[in-house]
Amino acid sequence: MAMISNMVKRLSSFGKAPTVDTQPKPPQLLAEPDPAKDGVDHINIWNKGETELGRFLNQTSRSDFVHPEYGPFHCVMGFWYWIKSYDRDDNYRYLSGGRVKKYATENPGGETFFIKDYQEVLLAANYEKIMQKEEMKKLFVESTLPFDHYYLFGESNVLVKPFGREWVCKMYEDLRIMIRAGEKPADIDYSQYAVTKK
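Calculation notes
- Residues numbered from 1 in each chain as written.
- Predicted model: local features only at pLDDT ≥ 70, side-chain atom pairs only at ≥ 80, totals over all residues.
- Heavy atoms only, no water.
- Helix = DSSP H or I, 4+ residues; strand = E, 2+ residues; numbered from the N terminus.
- Buried < 20%, exposed > 50% of the residue type's maximum accessible area, 1.4 Å probe, protein only.
- Contact = heavy atoms within 4.5 Å.
- Axes fitted to C-alpha atoms, helices over the stretch in contact; angles between N-to-C directions.
- Parallel < 35°, antiparallel > 145°, perpendicular 65-115°, else oblique.
- Left-handed = near helix turned anticlockwise from the far one by under 90°.
- Nonpolar A, V, L, I, M, F, W, Y, C, P; charged D, E, K, R; others polar.
- Salt bridge = Lys/Arg side-chain N within 4 Å of Asp/Glu carboxyl O.
- Polar contact = N/O pair within 3.5 Å; in protein donor to acceptor, adjacent residues only side chain to side chain.
- Patch = residues over 30% accessible without salt bridge, like charges linked within 9 Å, V, L, I, M, F, W, Y side chains within 5 Å.
- Areas by Shrake-Rupley, 256 points an atom, 1.4 Å probe, with all protein chains shown as cover.
- pLDDT = per-residue confidence, 0-100.

Enquirer: Mind laying out the side chain of asparagine 58, listing which residues take part and the relevant values?
Expert: If you trace the backbone, asparagine 58 turns up in the loop between α2 (52–57) and β2 (65–67). Taking relative accessible area as the criterion, asparagine 58 reaches 7% and is therefore assigned buried. Excluding residues within four positions of it along the chain, asparagine 58 makes contact with Ile45, Trp46, Asn47, Lys129 and His149.

Structural data, given as structure tokens:
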């Protein structure tokens, strides 16, 4: 019976071109990454990671860049808090590391709005950050290890995998493919984020 089934499958595909999946595969994140292997079998995107590249790619790491539409920022997280706020607090431009989130927590007065295509907005900001640092761009495009995103918490170094980990890693995998191919992110209509300061 199995022989007849295999014969039917072969006959039904006769004359058809073989299917080849040309889309890049999503990154396969390690179920339980080993921090001791950061830089060996993966690159951890964390400001205290083992690799220079992983530290640079972290959203809160100090990595000055100029956004083509909105100007200078010390880190992508500062840009993110700035663009989604109605009051466009320029203090976000000059903060990095834990000070970004601390400032946001201590100054929650500004109303924020939802950015529906936030993934594209953050991908474009990270593209600018990478492209404006020639040495980091070289490390980025020459890297071959998969990206991961986790941090160690407390004195006992509990491994924490933050929410959005999969998306952050996929964004960097997509950017690596894009930059290697000499491509740029799709254009974004930033006018939809225009606000009038009171």
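Back to the text.
Enquirer: So what's going on with the packing of helix α3 (residues 76–83) against helix α5 (residues 118–131)? Which residues, and what values?
Expert: Their axes nearest at 10 Å, the elements α3 and α5 cross at an angle of 140 degrees. When the interaxial angle is binned, α3 and α5 end up oblique. Where α3 crosses over α5, the handedness of that crossing is right-handed. Contact with α3, carried on its side by Val76, Phe79, Trp80 and Ile83, involves Tyr118, Val121, Leu122, Ala125, Asn126 and Lys129 of α5 and no other residues of that element. Partitioning the contact of α3 with α5 into residue classes produces eight nonpolar, one polar and one charged.

Enquirer: I'd like to hear about the pattern of salt bridges, residue by residue, with values.
Expert: The tally for this structure, following the rule as stated, stands at eight salt bridges. Put simply, glutamate 32 and lysine 161 hold a salt bridge, and the shortest N to O gap is 2.9 Å. Residue glutamate 32 is located in the loop between α1 (2–12) and β1 (43–44), and its partner lysine 161 is located in the loop between β6 (158–160) and α7 (165–180); the two are separated by 129 residues in the primary sequence. The exposure class of glutamate 32 is exposed, given its relative accessible area of 59%. Between aspartate 64 and arginine 62 there is a salt bridge, with the nearest N and O atoms lying 2.4 Å from each other. What makes arginine 62 exposed here is its relative accessible area of 52%.

Enquirer: Tell me about the environment of asparagine 47, and name the residues and values.
Expert: One can find asparagine 47 in the loop between β1 and α2. Considered as a pair, asparagine 47 and glycine 98 are 51 residues apart in the sequence and their alpha carbons are 10.0 Å apart. Side chain to side chain, asparagine 47 and tryptophan 46 meet in a polar contact 3.3 Å long.

Enquirer: Describe a nonpolar patch on the surface, with residues and values.
Expert: Together, Tyr151, Phe153 and Val158 line one region of the surface with nonpolar side chains, adding up to about 280 Å² of accessible area. Along the chain, the position of phenylalanine 153 falls in strand β5 (residues 151–153). Judged by relative accessible area, which is 54%, phenylalanine 153 ranks as exposed.

Enquirer: Lay out the environment of leucine 53 in plain terms, naming residues and giving numbers.
Expert: Note on placement: leucine 53 falls in helix α2. Distance from leucine 53 to isoleucine 43, taken between C-alpha atoms, is 7.7 Å for residues 10 residues apart in sequence. Among residues more than four places away in sequence, those in contact with leucine 53 are Ile43, Met136, Leu139, Phe140, Ser143 and Phe147.

Enquirer: Got a sec to walk through the confidence of the model for the protein chain? Specific residues and values, please.
Expert: On average, residues of the protein chain score 85 in pLDDT, and 81% of them reach the 70 mark or higher. For residues 1–26, every residue scores under 50 in pLDDT, and the model assigns this stretch one contact once sequence neighbours within four places are set aside.

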